[in-house]
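The primary structure of each chain is shown beneath.
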Amino acid sequence: MRNCDELVLRCQAGDREAFPLLVEAVQADIYRLILSRVRDVTDAEDATQETFVQIVSSIGSLRDAKAFAGWAIRIALDKARRVRRGRAAERKAAPGVAARASALEGERMNPVEQAELSAKVREAVEQTRGEVLWYLGYFPAYYHSCCGGQTENAIKVWGRRE
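Residues numbered from 1 in each chain as written. Predicted model: local features only at pLDDT ≥ 70, side-chain atom pairs only at ≥ 80, totals over all residues. Heavy atoms only, no water.

## Brief notes about the side chain of D5
Just so we agree on the cut-off: Helix and strand labels come from DSSP, where a helix needs a run of H or I of at least four residues and a strand needs a run of E of at least two; each type is numbered from the N terminus. A contact between two residues is defined here by any heavy atoms of the two lying within 4.5 Å.
Checked against the element boundaries, D5 lands in helix α1 (residues 5-12). With sequence-adjacent residues up to four places away left out, D5 is seen in contact with A65 and K66.

Here's what the structure looks like:
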């Protein structure tokens, strides 16, 4: 994981432009670590997103910016562990549910509904192009670009602000 001390300090100081840069700097490493533990792309994406939610909401409590990498890894491993436990509990509690859910995933939306939904999603993305969205004034919604089930980095989707 790359050295992000300066970005961490900027985030802790409330610099909103530093958060997407910090996520971009460590996202691939965090995702690979989680994927190696959960061995499922969808679960890894979900756990990665949860990891960044916790990182962003808790970064102010990190005492030493140099400890960021270890701190972020611990959070990521915890999220991966929770995903694995949850998956095991689901299989144990309701073995038929997973089979039914898999069957439903194969169902398609009717073409008219799909076209309408796609148009609405494209419009929402266009209206927020170039923006880092915030929730309740303190949480950057990096994953606004999760449309269609694809977790993506906001800078990669919308580009850098100029």
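Let us keep going from here.
## Focus on the packing of aromatic side chains
Stated formally: Pairing of aromatic rings covers Phe, Tyr and the six-membered ring of Trp, with a centre-to-centre limit of 6.5 Å; geometry is then stacked below 30 degrees between planes, edge-to-face above 60, and tilted otherwise. A 1.4 Å probe rolled over the protein chains alone gives each residue an accessible area, and that area as a share of the maximum for its type sets the label: buried under 20%, exposed over 50%, partly exposed in between.
Following the criterion strictly, the structure yields 1 aromatic pair and no others. Aromatic side chains F68 and W71 sit 6.0 Å apart centroid to centroid with 50° between the ring planes, which places their arrangement in the tilted category. Taken together, the residues F68 and W71, both in helix α4 (residues 68-93) and 3 residues apart, mark about one turn of the helix. With respect to burial, F68 and W71 carry one shared label: buried.

## Quick word on the packing of helix α2 (residues 18-38) against helix α3 (residues 41-58)
Relative orientation and spacing of two packed helices are given, respectively, by the angle between their axes and the distance between those axes. Keep this limit in mind: Lines fitted to C-alpha atoms define the axes, with helix axes restricted to the stretch in contact, and inter-axis angles between N-to-C directions lie between 0 and 180 degrees. We call two directions roughly parallel when the angle between them is under 35 degrees, roughly antiparallel when it is over 145, roughly perpendicular when it lies between 65 and 115, and oblique otherwise. Crossing handedness is read from the near helix: turned anticlockwise from the far helix by less than a right angle, it gives a left-handed crossing, and turned clockwise, a right-handed one. Three classes are used: nonpolar for Ala, Val, Leu, Ile, Met, Phe, Trp, Tyr, Cys and Pro, charged for Asp, Glu, Lys and Arg, and polar for all others, with Gly counted as polar.
With their axes 9 Å apart at the nearest point, α2 and α3 run at an angle of 140° to one another. Compared by their axis directions, α2 and α3 come out oblique. The interaxial crossing formed by α2 with α3 has right-handed handedness. In this structure, α2 contributes F19, V23, V26, Q27, I30, Y31, I34, L35 and V38 to the contact, and α3 contributes V41, D43, A44, E45, A47, T48, T51, F52 and V56. Of the residues that constitute the contact of α2 with α3, the class distribution is 13 nonpolar, 3 polar and 2 charged.

## Some points on a positive patch on the surface
Applicable threshold: Exposure above 30% relative accessible area and no salt bridge define the residues that can form patches, which grow by joining like charges within 9 Å and nonpolar side chains of Val, Leu, Ile, Met, Phe, Trp and Tyr within 5 Å. A 1.4 Å probe and the Shrake-Rupley method give the accessible areas. Residues count as covered only by the protein chains that appear here. Whenever a carboxyl oxygen of Asp or Glu lies within 4 Å of a side-chain nitrogen of Lys or Arg, that contact is scored as a salt bridge. Charged residues are defined narrowly, with Lys and Arg counted positive, Asp and Glu counted negative, and His plus the chain ends left uncounted. By convention, the point assigned to a charge is CZ for Arg, NZ for Lys, CD for Glu and CG for Asp.
Side chains of R37, R39, R81, R84 and R85 sit close together on the surface and give a patch of like positive charge. Tracing the backbone shows R81 in helix α4. By relative accessible area, R81 is classed as partly exposed at 37%.

## Regarding the packing of α1 against α2
For the pair α1 and α2, interaxial distance at closest approach is 9 Å and the crossing angle is 145°. For the crossing formed where α1 meets α2, the hand is left-handed. Between α1 and α2, the residues in contact are L7, V8, R10 and C11 and A18, F19, L21, L22 and A25, respectively. Residues of the contact of α1 with α2, tallied by class, amount to 8 nonpolar, no polar and 1 charged.

## As for the confidence of the model for the chain
Definition in use: For every residue, the predictor reports its confidence as pLDDT, a number between 0 and 100.
Looking at the chain, pLDDT values average 76 and 64% of them are 70 or higher. Ranking the helices and strands of the chain by mean pLDDT puts α1 first, with 94, and strand β2 (residues 139-140) last, with 44. Note that residues 135-150 has pLDDT below 50 and, in this model, 39 contacts with residues that lie over four places away or in other chains.

## Some details on the pattern of salt bridges
Under the definition given, this model contains 4 salt bridges. D29 is paired through a salt bridge with R32; the nearest N and O atoms lie 2.5 Å apart. Here the residue D29 and the residue R32 both occupy positions in helix α2, the gap between them amounting to 3 residues, near one helical turn. Notably, a salt bridge pairs D78 with R82, separated by 3.0 Å at the nearest N-O pair. In this pair, D78 and R82 are both assigned in helix α4, 4 residues apart and thus about one turn of the helix distant. The class for D78 is partly exposed, based on a relative accessible area of 22%.

## Here we look at the nonpolar core
For clarity, the threshold we go by: Definition used in this section: a nonpolar core is a set of buried Ala, Val, Leu, Ile, Met, Phe, Trp, Tyr and Cys residues joined via side-chain atoms within 4.5 Å.
Ranked by size, the top nonpolar core spans 29 residues in total, and within it V8, L22, I34, I59 and F68 carry the most contacts. Those elements giving two or more residues to this core turn out to be α1, α2, α3 and α4. Ranked by residue count, the leading element in this core is α2, at 10 residues. Sequence-distant contacts of L22, defined by excluding residues within four places in its chain, comprise C4, L7, V8, C11, I59 and F68.

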